[in-house]
Amino acid sequence: TTLTAASVSARNDVNEAPPTSSAPRLLIVSPVAPVPEGVGGVYLRDLCLMYPADRLAFAILPGIGSGPWPEALRTAPRAVLDAVPERGFNRWGRKVQETTRGLFDRYVDMQHLPKLVDQIAAFAAQTKPDLMWVPLAGPTMINTAGALPSRLGVPMITTVWDPPDYALSHYWGIRGHA
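The structure contained in this document is the topic of the report that follows. Remember, predicted model here, so these are calculated numbers, not experimental data.

**Quick notes on empty space enclosed by the protein**
Using the criterion set out here, one finds 2 cavities of 30 Å³ or more in the structure. In this structure, the second largest cavity encloses a volume near 40 Å³. Surrounding the second largest cavity, Pro 85, Arg 101, Asp 105, Val 108, Asp 109, Pro 139, Thr 140 and Asn 143 form its lining. Counting only elements with at least two residues in the lining of the second largest cavity, the list comes to helix 3 (101-111) and helix 5 (139-145). A per-element tally of the lining of the second largest cavity places helix 3 first, with 4 residues. In terms of residue class, the lining of the second largest cavity is built from 3 nonpolar, 2 polar and 3 charged.

What follows is the structure, given as C-alpha cells:
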C-alpha cells in the first residue's frame, strides 16, 4: 500500500468538496484527538487535513486534548476508547511507583489492554480500514500497537512522538542515553 501526503493546496479545510479519492481507508488509533489543543492534537489535525476526510476513521483514547474538531473531520467515524491507567501507583510517591512498575504493567496487560484491543477491533470491523496509523505516545499505545495488525488483519504504520529516552525514564525508570 502506498501512502501519499498532499500539498497544503489540497488541504481539506480549504477545499469545500475535496475530490473523491482512492486513498486507503485509514484508521487512526491515537492518544489524542485532531483538535487545536496541545502539540499532538495540532500535529494530528494538520496531518489529517491533508488526507481525504472521507477515508479517515478515529479511535481516540480520552483525556488528552479537547476542543472542536475541524469542520472537514467532523463527519469522520470516531470512537472514544476506554481509558487505560498509565502512571502506576502514583499516589504513594515516586519510589513506590518505580518499584511497582512491573507489577502495575502486568495488571494493565491482563485487565485493560485486551479490552482495548477488542474495542479497536470492533470499531475496525465497522469502518473496514485498509491501513492503520498508531502514534506511539505513552505506554498504552506502545503496548497495544503490537497486537493490532494481526488482530485487525491490516498493515500498520507508526510515528514515535517522544524520544525513547523520555518514555523509558518517565514510565519505566530506565535511565541513560543512546
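So that's the structure; there's more coming.
**A short note on the sheet that holds strand 4 (residues 131-136)**
Read from one edge of the open sheet, 5 strands run 3-2-1-4-5, paired in parallel fashion. The open sheet has two edge strands with one neighbour each: strand 3 (78-80) and strand 5 (156-160). For this sheet the average axis-to-axis angle between neighbouring strands, irrespective of direction, equals 15 degrees. With 3 bridges joining them, strand 1 (residues 26-30) and strand 4 adopt parallel strand pairing. Along strand 4, the bridge assignment pairs Leu 27 with Met 132. The sheet strands contacting helix 1 (residues 38-48) are strand 1, strand 2 (56-60), strand 4 and strand 5, and the helix crosses strand 1 at an angle near 175 degrees.

**A closer look at helix 4 (residues 113-127)**
In this model helix 4 runs 21 Å from its N-terminal to its C-terminal C-alpha over 15 residues, within 8% of the 21 Å that 1.5 Å per residue would give. Here helix 4 has its buried residues at Leu 113, Leu 116, Val 117, Ile 120, Ala 121, Phe 123, Ala 124 and Thr 127. In an axial view of helix 4, the angular spread of the buried residues amounts to 165 degrees, which keeps them on one side of the axis. Away from the buried face of helix 4 by more than 90 degrees, exposed residues Lys 115 and Gln 126 are located. Positive phi shows up at Lys 128, right after helix 4, with a value of about 50 degrees.

**Examining the pairing of strand 4**
Within strand 4, 6 of the 6 residues are buried, which leaves it mostly tucked inside the rest of the structure. Neither face of strand 4 is exposed, since Leu 131, Trp 133 and Pro 135 on one face and Met 132, Val 134 and Leu 136 on the opposite face are all buried. The pairing of strand 4 with strand 5 spans 5 bridges and is classified as parallel. The residue of strand 5 that forms the bridge with Pro 135 is Thr 159.

Thresholds, definitions, all that
Residues numbered from 1 in each chain as written. Predicted model: local features only at pLDDT ≥ 70, side-chain atom pairs only at ≥ 80, totals over all residues. Heavy atoms only, no water. 1 Å grid on protein atoms, 1.4 Å probe; cavity = no way out; pocket = protein on both sides within 12 Å on 5 of 7 lines; lining within 4 Å. Points joined across faces, edges and corners; volume = space filled by probe spheres on them. Helix = DSSP H or I, 4+ residues; strand = E, 2+ residues; numbered from the N terminus. Nonpolar A, V, L, I, M, F, W, Y, C, P; charged D, E, K, R; others polar. Pairing = 2+ DSSP bridges. Axes fitted to C-alpha atoms, helices over the stretch in contact; angles between N-to-C directions. Contact = heavy atoms within 4.5 Å. Expected span 1.5 Å × (residues − 1). Buried < 20%, exposed > 50% of the residue type's maximum accessible area, 1.4 Å probe, protein only. Arc of directions from axis to C-beta.

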